[in-house]
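Chain and residue survey
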Amino acid sequence: MALQVLNYRIYFGSQIVATTGLWMQRIAQDWMISQLTGSAAAVGITVACQFLPVLFFGMFGGLVADRLPKRRVLMVTQSVAASMAALLGVLAITGVVQAWHVFAIAVMLGFVTVVDNPTRQAFVSDLVGRDYIRNAVSLNSSVFQLGGLIGPAISGILIHAIGQGPSFLINSGACLLVVTLLGIMKVPSAVAAKPAQSVSIARQLSEGLGYIRRTPEVLWTIVLVTALALFGTNMPVLLTAFATNVFPGGVGGYSLFNTLVAVGSLAGALYSARRTDSPRLRFLVSALGGLGIGLILASRFGWEPLFCLTLVGIGMMSLLFMTSANSLVQMTAPHAVRGRVMSVYLLMLLGCQAIGGPIVGVVIDRIGVQSTMLLCGSIVGLAAVGAGLAMARQSKLTVSVSRSRMPLQIVHR
């Protein structure tokens, strides 16, 4: 297991605190903008502000990950994230925060994400090696979803009692803890060394894109991730509207909904960590289709307990898809281009949320949240079916019928 590696154990421990703080900030930020504006579209705009930098500059983040020492880069990005969270906390506590403050800080955090995420992915891969990468990805997902269980609950209590400010300050402290633990790691020289930079930036970007284009497993994974990002990862926007319009539970209801999604995601992460088989494209198609079905069912349930139960399934399907997609890309891409390949993967996963978030928010304001969730689920399901058929056609799968009593046979030609 990846936890056999000392450096990964240190990193893993830091992420337990860091992801809890991140979830606390997410809940506080979404609820703050909802209270300041009273609009689901504004929540979507906040998502867009945070992910637009990834959409426009994501490839350059991968280039940084491949060209500079990863630990040093992560220490810088986490320090900037800590300062942004502290600033938002002070604005909230002093009562002077406005919507444009939240949007501006979200943009700044988006630029942090541009560099931090591909560097983080490649750094973990360097720490544990190819043999443990799938297990490490699953463990990282488990920690993230564990934070999703604890963070929303703590943030909901704090918001109800004293406001959003403390959630931001706690996340700032969590980021500084990550910086401290990264600093005490004894990273092997092969990992810490600065990669050669003799090749031009344009050539390096071209190499990363060329590898993706030539590798069907990576290319199809990114296509599926794009469909997920546009219409299947807008739960903050959807759940904020559900908590205010359909099942009016206020911030407590919103925290509960996010916690239930995290419960399903944690279950999916733990299941994924136990799997030993290599990730396959057909599993990704099945998981994406399952997510689409979950969204459709949730949109039709008007009874809150049944809606809550469906959120668990949505969280599980989403996490199984993302963990397998991440593992497939990292296990396929060679070390020399992994940072750039992961940057494209993250560009589509995070950057497309900048497009999908505002669209979903506007549609909610026009036709209602339940109809919007039904539409999102239908699009995700159709995307999974369409991608599956296209893959089968590309692989030249045909169905032949034998005159014997044997069942139908699928033949590669």
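What counts and what doesn't
Residues numbered from 1 in each chain as written. Predicted model: local features only at pLDDT ≥ 70, side-chain atom pairs only at ≥ 80, totals over all residues. Heavy atoms only, no water. Helix = DSSP H or I, 4+ residues; strand = E, 2+ residues; numbered from the N terminus. Buried < 20%, exposed > 50% of the residue type's maximum accessible area, 1.4 Å probe, protein only. Contact = heavy atoms within 4.5 Å. Areas by Shrake-Rupley, 256 points an atom, 1.4 Å probe, with all protein chains shown as cover. Core = buried A, V, L, I, M, F, W, Y, C linked by side-chain atoms within 4.5 Å. Phe/Tyr/Trp six-rings, centres within 6.5 Å; stacked < 30°, edge-to-face > 60°. Lys NZ or Arg CZ within 6 Å of the ring centre and 35° of its normal. Expected span 1.5 Å × (residues − 1). Bend = angle between axes of the 7 residues up to and from the residue. pLDDT = per-residue confidence, 0-100. Salt bridge = Lys/Arg side-chain N within 4 Å of Asp/Glu carboxyl O. Polar contact = N/O pair within 3.5 Å; in protein donor to acceptor, adjacent residues only side chain to side chain. Axes fitted to C-alpha atoms, helices over the stretch in contact; angles between N-to-C directions. Parallel < 35°, antiparallel > 145°, perpendicular 65-115°, else oblique. Left-handed = near helix turned anticlockwise from the far one by under 90°. Nonpolar A, V, L, I, M, F, W, Y, C, P; charged D, E, K, R; others polar.

**Concerning the overall build of the chain**
- The secondary structure content of the chain amounts to 15 helices and 2 strands.
- Counting all 413 residues of the chain, 56% fall into the buried class.
- Sequence-distant contacts, at least 24 apart, represent 84% of the contacts inside the chain between residues at least 6 apart.
- Looking at the chain as shown, the accessible area adds up to about 17600 Å², and 67% of this sits on carbon and sulfur atoms.

**A short note on the nonpolar core**
- Ranked by size, the top nonpolar core spans 92 residues in total, and within it Met235, Phe257, Leu288, Phe307, Leu311 and Phe321 carry the most contacts.
- Among the elements that take part in this core, helix H14 (residues 338-367) stands out by supplying 13 residues, more than any other.
- Core analysis: the next-biggest nonpolar cluster, separate from the first, contains 19 residues, Tyr8, Tyr11, Ile133 and Leu139 among them.

**Digging into the packing of aromatic side chains**
- One pass over the structure, following the stated rule, counts 9 aromatic pairs.
- Arranged with centres 6.3 Å apart and planes meeting at 35°, the rings of Tyr8 and Tyr11 form a pair that is tilted. Pair noted here: Tyr8 and Tyr11 are both in helix H1 (residues 6-37), with a separation of 3 residues, about one helical turn. As far as burial versus exposure is concerned, Tyr8 and Tyr11 are alike and both buried.
- With a centroid separation of 6.0 Å and an interplanar angle of 40°, the aromatic rings of Tyr8 and Phe12 are classed as tilted. One end of the pair is Tyr8 and the other is Phe12, both in helix H1 and 4 residues apart, which spans about a single turn.
- The class for Phe12 is buried, based on a relative accessible area of 17%.
- Cluster of aromatic residues (ring-pair linked, three or more members): Tyr8, Tyr11, Phe12 and Phe123.
- Lying across the ring of Trp23, Arg26 places its NZ or CZ 5.3 Å from the centre.

**Quick notes on H14**
- For H14, built from 30 residues, the straight-helix expectation of 44 Å at 1.5 Å per residue is met to within 8% by its first-to-last C-alpha distance of 42 Å.
- Maximal helix bending in H14 amounts to about 35°, located at Ala354; proline Pro358 follows within four positions.
- For H14, the tally of buried residues reaches 22 of 30 residues, placing the bulk of the element in the interior.
- Phi for Gly368, located one or two positions after H14, is positive at around 100°.

**A closer look at the confidence of the model for the chain**
- When pLDDT is averaged along the chain, the result is 81, and 89% of the positions lie at 70 or above.
- In the model of the chain, strand S2 (residues 409-412) stands out as the element of lowest mean pLDDT, 40, in contrast to helix H3 (residues 70-94), which has the highest, 93.
- pLDDT under 50 marks residues 397-413. Its contacts with residues more than four places away, or in other chains, come to 20 contacts.

**Remarks on the pattern of salt bridges**
- Enumeration over the complete set of coordinates arrives at 1 salt bridge.
- Residues Arg120 and Asp116 are paired through a salt bridge, measuring 2.7 Å at the closest nitrogen-oxygen approach. You can see Arg120 and its partner Asp116 sitting in helix H4 (residues 99-128), 4 residues apart, about one turn around the helix. Here Arg120 matches Asp116 in class, with each residue buried.

**Description of the environment of Leu88**
- By the secondary structure assignment, Leu88 is in helix H3.
- For Leu88, a relative accessible area of 1% corresponds to the buried category.
- Considering only alpha carbons, one finds Leu88 and Gln29, 59 residues apart in sequence, at a separation of 9.1 Å.
- Residues in contact with Leu88, not counting those within four places in the same chain, are Gln29, Val97, Val102, Ile105 and Phe168.

**Quick look at the side chain of Thr20**
- Examined against the element boundaries, Thr20 turns out to sit in helix H1.
- Residue classification places Thr20 among the buried positions, given a relative accessible area of 12%.
- Leaving out residues up to four positions away in the same chain, Thr20 has contacts with Gly147, Ile150 and Gly151.

**Description of the side chain of Thr119**
- Examined against the element boundaries, Thr119 turns out to sit in helix H4.
- Looking at Thr119, its side chain comes within polar contact range of the main-chain oxygen of Val115, at 2.6 Å.

**Regarding the environment of Leu297**
- In this fold, Leu297 is placed in helix H12 (residues 281-300).
- Note: C-alpha distance between Leu297 and Thr310 (13 residues apart in sequence) is 7.3 Å.

**Some thoughts on the packing of H12 against helix H15 (residues 369-394)**
- Close contact between H12 and H15 brings their axes to 7 Å; oriented N to C, the two are set at 160°. In terms of orientation, H12 lies roughly antiparallel with respect to H15. Crossing of H12 against H15: the hand is left-handed. Packed against H12, whose contacting residues are Leu281, Val285, Leu288, Gly289, Gly292, Leu295, Ile296, Ala298, Ser299 and Arg300, the element H15 presents Gln370, Ser371, Met373, Leu374, Cys376, Gly377, Ser378, Val380, Gly381, Ala384, Gly388 and Met391 at the interface.
- A breakdown of the residues in the contact of H12 with H15 according to their chemical character gives 12 nonpolar, 9 polar and 1 charged.

**Some details on the packing of H1 against H4**
- Running from N to C, H1 and H4 cross one another at 160°; their axes reach a closest spacing of 13 Å. In terms of orientation, H1 and H4 fall into the roughly antiparallel class. In the packing of H1 onto H4, the handedness of the crossing is left-handed. In this structure, H1 uses Asn7, Tyr8, Tyr11, Gln15, Gln25, Gln29, Met32, Ile33, Leu36 and Thr37 to contact H4, whose residues at the interface are Ala99, Val102, Phe103, Leu109, Arg120, Phe123, Val124, Leu127 and Val128.
- A class-by-class count of the residues in the contact of H1 with H4 yields 13 nonpolar, 5 polar and 1 charged.

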